[in-house]
Every structure is written in structure tokens, then in C-alpha cells.
Amino acid sequence: WINNLKKLQVVDLSHNMISVIPKEFYKLSHLVDLNLENNKIQLIPPDIGYLAKLKLLKLAHNSIKVMTEDIGFLMNLEVLTLHDNLIEGINPTIYALTKLTTFDLYNNKIIDLGESKDREFKNIKNYGDVKTDYVLVKGSIQGPAKRQLLITAPLRETKKQKKKNYELLELR
């Protein structure tokens, strides 16, 4: 049946308890927007690289543990949402996605940023909210390697705190 849908551009199969993406799915060569959020997917198949026109890929709220290197073939990808999964590492091929502007990866267990010469995203404007106990810090922090950092609320007053609301009751 999927062979009859070759010109299909948008697919939303979110909230469907899908655990495996059928191989026939990757014949949809004109697909631009694919939403598979809130399913039971554990693996992003290597065939994902065949969806060359894909601009938006939503795989949040699944059980994905590993990012396949074939995501790096999605050269038109602009939005990738992988938050709330079980991902432990970023595949280095993802750094080749020059059109990627939104990369939501929060609420995962990232411990490996991948080995790559160009280990930075140049166009990303939105990484998503940080909703975990862990934060990746770009740059260097003085001190011994692998030292634990404690991030706290600011010690100085914020602009909100400086603006105090005073109420004039009455002067006599």
C-alpha cells in the first residue's frame, strides 16, 4: 500500500505504540515532515538516510538508545527532536548537518559527544530546554579533569528582584 503514496510529504504517526518502522516506509522519497513522537521505537534504522528530502524529524518520547550514523545523510534536515529518550551519545555524523537549526536532545543520558574534527553546530538556534540534572558546558573550566561542578542560582540580584512593588497606602 505504501508504494501508492510515493508523493506523500507529511506523515504524523505519533501516539501509536509503534516499535519498528517498516522498511517500505523509506520508499517515500518526497517525505519532508516525519513525526513519530510518543511511540515505542528503540532503534533508528540505517534506512533513514534514504529520506533525503526530510526537513523535520520528530522522534521524541520513545526508547531510542543509539543515534544511527545514517542520520548524517539527511542533508536537508532542519529540525531534529530526540528529547526524552535513552540516548547516551551523539553520533559524530550529525555535525555534518549544516541546515540543522533546532536540535532538541534534553532528557537523555548523554555521556559521549562523539569524535569529530568539527564538533560544533554552526546554525543551531534552539537546543531545547535543559530539564535534567546534567548540563553540557562549551569551553573550558579551570581545575582538575573530571571535577564535579555545582551550578546554583545567581548570587547577585536579578532585574526581577530589583523591581520591588511598593504600594502607597496614604500620607497624612
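Here goes a summary of the coordinates provided.

**Some thoughts on the environment of Tyr106**
Thought 1: With respect to the secondary-structure elements, Tyr106 resides in the loop between strand E5 (102-104) and helix H1 (159-162).
Thought 2: By relative accessible area, which is 15% here, Tyr106 ends up buried.
Thought 3: Sequence spacing of Tyr106 and His83 is 23 residues, and the spatial spacing of their C-alpha atoms is 4.8 Å.

**What to know about unusual backbone geometry**
Thought 1: The phi dihedral of Met17 is positive, around 60 degrees, even though this residue is not glycine.
Thought 2: Examined against the element boundaries, Met17 turns out to sit in the loop between strand E1 (10-12) and strand E2 (33-35).
Thought 3: Backbone geometry places Asn38, a non-glycine residue, at a positive phi of 55 degrees.
Thought 4: Look at Asn38 and you get partly exposed, because its relative accessible area is 27%.

**Quick word on the pattern of salt bridges**
Thought 1: Taken as a whole, this structure holds one salt bridge when the rule is applied.
Thought 2: Salt-bridge contacts for Lys23 lead to Asp47; the nearest nitrogen and oxygen are separated by 3.9 Å. Placement of Lys23 in the loop between E1 and E2 and of Asp47 in the loop between E2 and strand E3 (56-58) is noted, with a sequence separation of 24 residues between them.
Thought 3: In this structure Lys23 comes out as exposed when scored by relative accessible area, which is 64%.

**Quick notes on the packing of aromatic side chains**
Thought 1: Taken as a whole, this structure holds one aromatic pair when the rule is applied.
Thought 2: Taking the centre distance of 6.2 Å and the plane angle of 85 degrees together, the rings of Phe25 and Tyr26 count as edge-to-face. A single burial state applies to Phe25 and to Tyr26, both of which are buried.

**Things to note about the sheet that holds E5**
Thought 1: With respect to topology, five strands assemble into an open sheet ordered E1-E2-E3-E4-E5, the strand pairing being parallel. Bordering the open sheet on either side are E1 and E5, each of which pairs with just one other strand. In this sheet, neighbouring strand axes are inclined to one another by 5 degrees on average, regardless of whether the strands run parallel or antiparallel.
Thought 2: Relative to strand E4 (residues 79-81), E3 runs parallel, the two being bridged by three bridges. Each bridged residue has a counterpart across the sheet, and for Leu57 the counterpart in E4 is Leu80.

Criteria and cut-off values
Within each chain, residues carry numbers counting from 1 in the order of the written sequence. Two thresholds apply to this predicted model, a pLDDT of at least 70 for residue-level local features and 80 or more for giving and counting side-chain atom pairs, whereas whole-chain, interface and lining totals are computed over all residues. Water and hydrogen atoms were dropped before computing side-chain values, which therefore reflect all heavy atoms in the structure. Helix and strand assignments come from DSSP, with helices taken as H or I runs of at least 4 residues and strands as E runs of at least 2, each series counted from the N terminus. Using a 1.4 Å probe on the protein chains alone, a residue whose accessible area is under 20% of its type maximum counts as buried, one over 50% counts as exposed, and one in between counts as partly exposed. A pairing counts as a salt bridge when a side-chain nitrogen of Lys or Arg comes within 4 Å of a carboxyl oxygen of Asp or Glu. Each Phe, Tyr or Trp ring (for Trp, its six-membered ring) is paired with any other whose centre lies within 6.5 Å, and the angle between the two planes then decides the class: stacked below 30 degrees, edge-to-face above 60, tilted in between. Two strands pair under a simple rule: DSSP has to find at least two bridges between them. All axes here are fitted lines through C-alpha atoms, helices being fitted over the stretch that makes contact, and every angle between N-to-C directions spans 0 to 180 degrees.

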